Amino acid sequence: MEPTLQAILAAGASFLVVMFISAGIFLLCKTTTVEPPNPDQPRNRNRRGTRRTDGDQNCVSITIDESATYDQSLSKISMPELIKVTRNFSPNKIVGDGSFGLVYKAKLSNGTNVAVKKLSSDAFQGFREFQAEMETLGKSKIRHRNLVRILGYCVSGDDRILIYEFIEKGSLDQWLHDTSSSFEEDEHKIDIHPLSWEVRVKIIRGVANGLFFLHHTLEPPIIHRDIKASNVLLDNEFEAHIADFGLARRVNFSHSHVSTQVAGTFGYMPPEYKDGVTVATVKADVYSFGILMIEVATGKRPNLPIKIEAGKEIGLVPWAQKMLVEKRHLEIVDESIGKEGLKEKEIGEFLRIACLCTSDSHKERPSMEDVVKMLNFFN
């Protein structure tokens, strides 16, 4: 074949390929839609485009460069201000480590102290947590005295920031396990000391009331899926506030949520997860709550074994059940609490409720409605 003819044929083939590719791109752009503005969205919103990513089962819309407030006292939230008040997210401003992100303390321009949670830069995890927080606390505008209140959010590029009310006395985990430490709050030093039995009961009742609200008052209910001491924050009156809804999910009529993976924290997860069951239910929250009760009473971490006679080790739940059967109630109480004035009957009832919540069979665990009623014993 003549060189000239070969060149003509090659040029023609190249032209056809380019035309097919251009037509494909044009058709793809024609079928891509941008969601219309939702009139129910919160105020102070600035949209400039959307990105989509997969959640558990559904495609989730994430807006680029937008902010919103859910509190009337906050007139504006912007990324430049958040960078300024956190000193460019300085390690010195870190006050906590939530699931998939760090938490910073900051004071906004109007003088409000807030907790600023900067989600993980991992796109998948960050988008999923952002969705969970928005669907549970944000867009639903859920309010309860025992739930941490979300004040707003800010999204800029790949950065996703959640802004919460600041809870003054830190986490329950600090007060149970870091009693030799202290922290600064508004230029005043707060020393962490052992919590009295009465305060521990108050905290547990607050967590129970928060879970009762999530499970039995909302429609559809919400499963938190990560109840633990570090996700319980304490205010100046030692009132409990459940935090970190990054793993939370709304559930259907059967009060379950189908997930492809186990969620939670080792030591607090129910035994059915070990058997490969990935359907999360409200009874999983009940189990984690029961573990928290035992942890609060004993001051012992749930992921560490307990040494008993002859150097034998046993898990926290079997140990609590054993002490209940043997009626050795006072022996389980945290050694940092003075035993004087403690009522054996009250300790026994507390332990009984905790053991019910941590039953191996989820069917035998009480609902949070029943737990709240049982905790009325401590009035």
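Above this text is the structure in question.
From a predicted model like this one, the values you see are computed outputs, not experimental measurements. (Residues numbered from 1 in each chain as written. Predicted model: local features only at pLDDT ≥ 70, side-chain atom pairs only at ≥ 80, totals over all residues. Heavy atoms only, no water.)

Draft legend 1. Here's a closer look at the pairing of strand E7 (residues 150–156). For E7, the buried fraction is high: six of the seven residues fall into the buried class. Summarising the sheet, strand E3 (residues 66–69) and E7 pair through four bridges and their orientation is antiparallel. Residue pairing for E7: Ala 68 is matched across the bridge by Tyr 153. Two strands pair when backbone bridges link them, and E7 and strand E8 (residues 159–165) are joined in this way by six bridges, in the antiparallel orientation. In the sheet register, Ile 150 faces E8, and the bridge partner there is Tyr 164. Here E7 hands over to E8 after two residues, with Gly 157 in that stretch at a positive phi of 60°. (Buried < 20%, exposed > 50% of the residue type's maximum accessible area, 1.4 Å probe, protein only. Helix = DSSP H or I, 4+ residues; strand = E, 2+ residues; numbered from the N terminus. Pairing = 2+ DSSP bridges.)

Draft legend 2. Representation of the packing of aromatic side chains. If you walk through the whole model with that rule in mind, you get five aromatic pairs. Where Phe 350 meets Phe 378, the ring centres are 6.0 Å apart and the plane angle is 80°; that geometry is what we call edge-to-face. Residue Phe 350 is found in helix H8 (residues 344–357), and its partner Phe 378 is found in the segment after helix H9 (368–375); the two are separated by 28 residues along the sequence. Residue classification places Phe 350 among the buried residues on the basis of a relative accessible area of 2%. One cation-aromatic arrangement involves Lys 118 over Phe 89; the distance from NZ or CZ to the ring centre is 5.4 Å. Of note, Lys 300 hangs over the ring of Trp 319, and the distance from its end group to the ring centre comes to 6.0 Å. (Phe/Tyr/Trp six-rings, centres within 6.5 Å; stacked < 30°, edge-to-face > 60°. Lys NZ or Arg CZ within 6 Å of the ring centre and 35° of its normal.)

Draft legend 3. Fine view of the pattern of salt bridges. Scanning the entire structure with this criterion turns up eleven salt bridges. Where Asp 244 meets Lys 117, a salt bridge forms, and the shortest distance between an N and an O atom there is 3.1 Å. Here the residue Asp 244 occupies a position in the loop between strand E13 (240–242) and strand E14 (249–250), and Lys 117 occupies one in strand E6 (residues 113–119), the gap between them amounting to 127 residues. With respect to class, Asp 244 is no different from Lys 117; both count as buried. Its salt-bridge partner being Asp 159, residue Lys 118 comes within 3.6 Å of it at the nearest N-O pair. (Salt bridge = Lys/Arg side-chain N within 4 Å of Asp/Glu carboxyl O.)

Read these as geometric descriptors, not functional statements.
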